[in-house]
Amino acid sequence: MATGDLALGQERAATPTSKRVVNDFSINVATVNGSGSQSANSVLLKAIFGMGIPVSGKNLFPSNIAGLPTWYTIRASKDGYVARKRTSEFLIALNADTAKQDALDLPPGGVAIYEENLNLKQYRDDIVCYPVPFDKITAAICPEAKLRKLVKNMVYVGVAAQLLSIELEVIQDGLRKQFAKKLKVFDLNFGAVKAGVDFAAEKLVKLDPFVLERMNQTAGKIVIDGNAACGMGAVFAGVTVVAWYPITPSTSLIEATTDLLKKLRITPEGKATFAVVQAEDELAAIGMVLGAGWAGARAMTSTSGPGISLMGEFAGLGYYAEIPGVIFDVQRTGPSTGMPTRTSQADLLSTAFLSHGDTKHILLLPGSVRECYDFGYAAFDLAERFQTPVFVLTDLDLGMNNWMSDPFPYPDKPLDRGKVLNAEDLDRLGGFARYKDVDGDAIGWRTLPGTPHAKAAYFTRGSGHNETGGYTEKPGEYQVVMDRLTRKFENARKSVPAPVVYRDGKSKIGMICFGSTDFALRESLDQIRKEYGKEVDYLRIRAYPFAHEIHDFVASHERVYVVEQNRDAQLASLLKLDLPADQAVKLRSILHFNGLPVDARTITEEFATREGL
């Protein structure tokens with residue numbers, strides 16, 4: 001049941017500006033950072049999700065603790081699109097400092113709910129305005145002044161619910177789950193929602209076309225952020241050592257991992273079988289990861305661009321000494337501190353070659369929360385199989401925002417610990433050379449510290465070494481090891497996640513992207529087909545080194561647009577290094593780097609301009 005219809009007299013007075021817009025618009029909630037709006041926005045998003053409507057939420061927040069503007073956009077899409085829309089049609093304005101501009105940013109026919117004293121109607125005569133005395137409503141239901149700014153947020157949930165026909169029962173169920181052990185808190189919050197509903201039903205005449213109606217598109221699905229999904233994958237992969245230093249936007253990845261470890265890695269006697277260490281900085285964190293990986297533990301850290309920069313020297317040690325470890329990089333904007341709470345895909349080049357000298361790293365590039373989980377798991381297998389640091393690159397948009405997903409499957413394959421010799425193996429072999437390629441796969445055998453055998457020991461060197469681990473500066477011996485590392489990296493092409501081809505028909509034009517850009521690009525391809533009648537093929541890259549299918553895709557098209565969220569065309573640059581010269585010239589770039597998640601319309605317009613459509 002809906003929250004209730006408008007009063008009969010109000011219904012007759014309503015004159016909608018256009019035909020109904022059902023389950024296909026975006027809501028922009030503009031508040032002040034630190035005002036407690038996050039809970040209310042989550043309730044609103046999950047209520048829409050609970051009505052079976054595909055939905056996504058994006059939090060645009062400042063990097064200070066409190067006081068600056070923050071926006072939260074909720075997109076409802078009957079067609080299942082979850083990328084950010086360039087504009088939102090429905091505004092909830094509670095920040096006096098941004099209210100005027102937020103109203104001016106609405107498209108004609110848009111809607112504004114706002115604190116009545118803001119008087120937004122004076123700025124626009126082509127939008128529907130709903131002034132609401134939020135402060136008065138809140139004061140009437142909440143006697144404690146300190147709680148009013150929190151309760152006010154739930155009032156706007158109620159007003160929006162009434163105007164958009166969000167089912168009140170779904171909101172009630174969501175709040176009851178959220179405050180299951182806090183009945184008084186539930187009563188206060190639901191009372192605020194109901195106050196908003198009652199005010200809107202009694203005082204507001206619905207004049208806008210936007211409405212939400214129940215669908216059946218979210219049954220069996222979950223809502224989760226990418227950081228939590230990465231942490232879940234790591235835990236199921238058997239991580240036992242976590243070393244980290246706090247940095248936005250990766251901190252919640254460690255928090256999610258730690259929470260799971262505390263639930264799943266405690267003995268019946270109450271003893272933890274894991275270690276989570278907050279290091280003094282990112283350099284120390286990756287050092288701990290490599291130390292644990294060398295000792296045989298599955299170890300990880302999580303960081304963002306500035307931390308990646310600090311990790312360069314140890315990353316080179318892990319590559320050259322061939323030590324496994326997993327590093328999650330939740331990318332944000334740079335250079336330097338940049339904009340810590342804005343999203344980007346600008347760590348690709350720096351991470352691929354992180355460290356000095358000749359260094360190449362395996363990168364996994366998840367494009368959904370499901371792949372955050374899958375790749376969070378697979379990274380540990382790859383790190384131990386190839387005996388090297390493996391980097392998982394997500395971004396703030398994918399990592400910190402909520403996404404719909406099918407539930408994650410329980411792993412059904414044994415862990416791949418790679419080429420490890422035990423005492424029985426050494427008895428049979430009589431010894432081994434740590435850095436010698438004896439199987440033709442460019443991966444040497446290793447032993448773990450504590451292996452009870454006289455032949456198990458070897459030197460682990462970050463300086464020049466030969467196949468046995470002995471120190472060397474002989475040109476030939478050094479080059480043998482470096483050539484083998486190159487072959488090992490080349491062999492990884494066949495083991496990393498293969499690219500996904502969504503469309504590979506008869507089009508002469510192709511598009512390539514990676515990571516969270518996928519959501520906007522797939523929507524853009526639909527726009528291009530509907531608006532210009534043009535089919536475009538599409539491949540999404542999921543790892544580096546690049547699989548040979550990527551070469552084949554480029555070779556089969558006359559021109560290929562590489563869409564990415566950075567200024568310097570980093571994916572295109574990596575591809576040009578990898579492709580033959582006659583194929584590299586086919587690449588063109590569509591770039592987006594203002595800190596906001598890329599939207600489909602931006603891609604469509606740039607493509608149309610470049611193609612002369």
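Everything discussed here concerns the structure shown above.
Residues numbered from 1 in each chain as written. Predicted model: local features only at pLDDT ≥ 70, side-chain atom pairs only at ≥ 80, totals over all residues. Heavy atoms only, no water.

Participant: What is the right way to look at helix α6 (residues 168-178) in this model?
Facilitator: At 3.6 residues per turn, the α-helix brings residues three or four places apart onto the same side. The set of residues buried in α6 consists of Leu168, Val170, Ile171 and Leu175. When α6 is viewed along its axis, its buried side chains cluster within an angular range of 160° and face the same direction. (Buried < 20%, exposed > 50% of the residue type's maximum accessible area, 1.4 Å probe, protein only. Helix = DSSP H or I, 4+ residues; strand = E, 2+ residues; numbered from the N terminus. Arc of directions from axis to C-beta.)

Participant: Honestly, the sheet that holds strand β17 (residues 500-503) in this entry has me stumped. Any pointers?
Facilitator: Paired through their backbone hydrogen bonds, the strands of a sheet run either parallel or antiparallel. Ordered by their spatial adjacency, 5 strands build an open sheet running β17-β19-β18-β21-β22, and the pairing between neighbours is mixed. The open sheet has two free edges, formed respectively by β17 and β22 (587-591), since each of these has just one partner strand. Averaged over neighbouring strand pairs, the angle between their axes works out to 25° when direction is ignored. Contacting β18 (509-514), β19 (537-541), β21 (559-564) and β22, helix α20 (residues 570-578) runs over the sheet at an angle of about 135° to β21. (Pairing = 2+ DSSP bridges. Axes fitted to C-alpha atoms, helices over the stretch in contact; angles between N-to-C directions. Contact = heavy atoms within 4.5 Å.)

Participant: So what exactly am I meant to see when it comes to the packing of helix α18 (residues 517-532) against helix α22 (residues 600-611) here?
Facilitator: The geometry of a pair of packed helices is captured by two quantities: the angle between their axes and the separation between those axes. The geometry of α18 relative to α22 is characterised by a closest axis approach of 8 Å and an angle of 50° between their N-to-C directions. The angle between α18 and α22 places the two elements in the oblique class. Viewed along their axes, α18 and α22 form a crossing whose handedness is right-handed. Between α18 and α22, the residues in contact are Ala520, Leu521, Glu523, Ser524, Gln527, Ile528, Glu531 and Tyr532 and Ala600, Arg601, Ile603, Thr604, Phe607 and Ala608, respectively. Per-class residue counts for the contact of α18 with α22 are 8 nonpolar, 3 polar and 3 charged. (Parallel < 35°, antiparallel > 145°, perpendicular 65-115°, else oblique. Left-handed = near helix turned anticlockwise from the far one by under 90°. Nonpolar A, V, L, I, M, F, W, Y, C, P; charged D, E, K, R; others polar.)

Participant: Explain the pairing of strand β13 (residues 325-331) here, please?
Facilitator: Look at any regular strand and the pattern is simple: side chains alternate between the two faces of the sheet. Of all 7 residues in β13, 7 are buried, a share of seventy percent or more. Taking every second residue as pointing to the same face, both faces of β13 are buried, with Gly325, Ile327, Asp329 and Gln331 on one and Val326, Phe328 and Val330 on the other. Pairing of strand β12 (residues 299-303) with β13, which is carried by 4 bridges, proceeds in the parallel orientation. Bridge pairing in β13 places Ser302 opposite Phe328. For β13 and strand β15 (residues 389-395), the ladder comprises 7 bridges, and the chain directions are parallel.

Participant: Which parts of the structure should I look at to understand the pattern of salt bridges?
Facilitator: A pair can form between side chains of opposite charge whenever their charged atoms are brought close. Summed over all chains, the structure comprises 43 salt bridges. A salt bridge links Glu322 to Arg484, with the shortest nitrogen-to-oxygen separation between them at 2.5 Å. Pair noted here: Glu322 is in the loop between α12 (312-321) and β13 and Arg484 is in helix α17 (residues 475-491), with a separation of 162 residues, a long-range link. Between Arg446 and Glu384 there is a salt bridge, with its nearest N and O atoms 3.5 Å apart. One end of the pair, Arg446, is in the loop between α16 (423-429) and α17; the other, Glu384, is in helix α14 (residues 369-386), with 62 residues separating them in the sequence. For Arg446, a relative accessible area of 3% translates into the label buried. Shared partners join several salt bridges into a network, and the residues in it are Arg298, Asp381, Glu384, Arg417 and Arg446. (Salt bridge = Lys/Arg side-chain N within 4 Å of Asp/Glu carboxyl O.)

Participant: How should the side chain of Thr343 be read in this particular structure?
Facilitator: Tracing the chain through its elements places Thr343 in the loop between β13 and α13 (348-352). Those residues in contact with Thr343 that sit more than four places away from it in its chain are Gln331, Thr333, Asp395, Leu396, Asp397, Gln565, Gly595, Leu596 and Pro597.

Participant: In this structure, what is going on with the packing of helix α4 (residues 134-141) against helix α5 (residues 148-164)? I would like to understand it.
Facilitator: Following both chains from N to C, one finds α4 and α5 inclined at 115°, their axes separated by 9 Å at the closest point. On the basis of their axis angle, the class for α4 and α5 is roughly perpendicular. In the crossing of α4 with α5, the sense of the turn from one axis to the other is right-handed. Contact residues: α4 offers Phe134, Asp135, Ile137, Thr138, Ala139 and Ile141, while α5 offers Arg148, Val151, Lys152, Val155, Tyr156 and Val159.

Participant: Explanation requested: the packing of aromatic side chains in the structure shown.
Facilitator: In this description, an aromatic ring pair is defined by two values, namely the gap between the centres and the angle between the planes. Counted according to the given criterion, the structure contains 13 aromatic pairs. Plain terms: the ring middles of Phe25 and Phe210 are 5.3 Å apart, the flat faces sit at 55° to each other, and that makes the pair tilted. Residue Phe25 is found in strand β2 (residues 24-32), and its partner Phe210 is found in strand β8 (residues 210-211); the two are separated by 185 residues along the sequence. We note that Phe25, like Phe210, is buried. (Phe/Tyr/Trp six-rings, centres within 6.5 Å; stacked < 30°, edge-to-face > 60°.)

Just distances and angles here, no functional claims.
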